[in-house]
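# Chains, contacts and geometry: an overview
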Amino acid sequence: MYPFFAFGLAWIQDNLWEQFVGEISDFLQDTEMWRNSAIVLLRIVLIYLSSRLALVVLNRVIDHATSEKKSRRLKLRTRRVQTLGRLLKNTSSYLINFITILLVLGEFHIQLAPLLAGAGVIGLAIGFGAQSLVKDVITGFFILFEDQFAVGDEIQTGSYKGTVELIGLRATRIRSWTGEVHIIPNGSINQVTNFSVNPQLAVVDITVSYDHTIEEMMALMRQTLGQINDLNLTGMPEVLGIQTLAPSQMTIRITARCKPNTADEVTRLINTEVKKALESKQAAVIE
């Protein structure tokens, strides 16, 4: 009984193997299948090449529309236009890649309507579950289109102050002057101070003793300030006069108009030059 069973099992295995080999052979020799597969592959290649060409052309158009000459002609801020250009490039890349994937799936006769409907339902559910993310994205759009700040600007929001390195739809990246990088969700940016838009006014208070008269001190300061030649200055620094009086000293206030985001540098420069002038005068008196 056992040999007969083994013989039957071997016969079934041989027949199954021969049937499998025959189906593979018929499949490989089916010229119609190979022709259809070649047509589908050619269509996929054409779809991919067309999408890459469309992306290149669209990027060229965006670069031309956001060029520096174009922004100057339209009186737009260059950094804002560059930021919008990068955002448009990323958005167009996502859109073209999404359309390409849908067209490729269509070549495999996959029904796209159920996929799109399911994606819509999933997107709606994600929207309800991620309201903070939606808030960040909406705030990011308003930051860009209202030109609140741009990449390269020096800003302060809350307790964070630094240079804007990246403005995304979800978050903004700020690098402080000491090197720390702060990533702030756009939805939490409620108030922004931008130091890079308008010219600034550097206010410097110099404390001096009563060893010399106020006329001498102010004349010395005006002479010193007149000799300062710095590219950050947009006008001659002015000595306003006495700001405060104390029993043993007085404070003289100096103001200087300077370029955006250069008030700290100008303040340090004025302090240094006035200090040198005071030391030179004191040394001359001693001699």
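Everything quoted here is computed from the prediction, not taken from an experiment.

## Here's the deal with the sheet that holds strand β6 (residues 200–209)
What links the strands of a sheet is backbone hydrogen bonding, and the strands pair in either a parallel or an antiparallel sense. Pairing within the open sheet is antiparallel, and its 3 strands lie in the order β6-β8-β7. Two strands in the sheet have a free side with no partner beyond their single neighbour: β6 and β7 (238–245). Direction aside, neighbouring strands of the sheet carry axes that sit 25° apart on average. Pairing of β6 with strand β8 (residues 249–258), which is carried by 10 bridges, proceeds in the antiparallel orientation. Bridge pairing links Leu 201 to Arg 257 in β8. Lying over the sheet, helix α7 (residues 214–226) contacts β6, β7 and β8, oriented at roughly 25° with respect to β8.

## Examining helix α6 (residues 131–145)
Its 15 residues give α6 an end-to-end C-alpha distance of 21 Å, which sits within 8% of 21 Å, the value for a rise of 1.5 Å per residue. Among the residues making up α6, those that are buried are Asp 136, Thr 139, Gly 140, Ile 143 and Leu 144. Buried residues of α6 fall within an arc of 135° about the axis and therefore sit on the same side. In α6, the exposed positions that point more than 90 degrees away from the buried face belong to Gln 131 and Phe 145. Positive phi appears at Asp 147, one or two residues downstream of α6, with a value of about 55°.

## Describing the sheet that holds strand β3 (residues 171–175)
As summarised here, the arrangement of the 5 strands in space is β4-β3-β2-β1-β5, forming an open sheet in which the pairing is antiparallel. Because the sheet does not close on itself, it has two edges, and the strands there are β4 (181–185) and β5 (193–194). Note: strand β2 (residues 160–167) against β3, 4 bridges, orientation antiparallel. If you follow Leu 166 over to β3, its bridge partner there is Arg 173.

What counts and what doesn't
- Residues numbered from 1 in each chain as written.
- Predicted model: local features only at pLDDT ≥ 70, side-chain atom pairs only at ≥ 80, totals over all residues.
- Heavy atoms only, no water.
- Pairing = 2+ DSSP bridges.
- Helix = DSSP H or I, 4+ residues; strand = E, 2+ residues; numbered from the N terminus.
- Axes fitted to C-alpha atoms, helices over the stretch in contact; angles between N-to-C directions.
- Contact = heavy atoms within 4.5 Å.
- Expected span 1.5 Å × (residues − 1).
- Buried < 20%, exposed > 50% of the residue type's maximum accessible area, 1.4 Å probe, protein only.
- Arc of directions from axis to C-beta.

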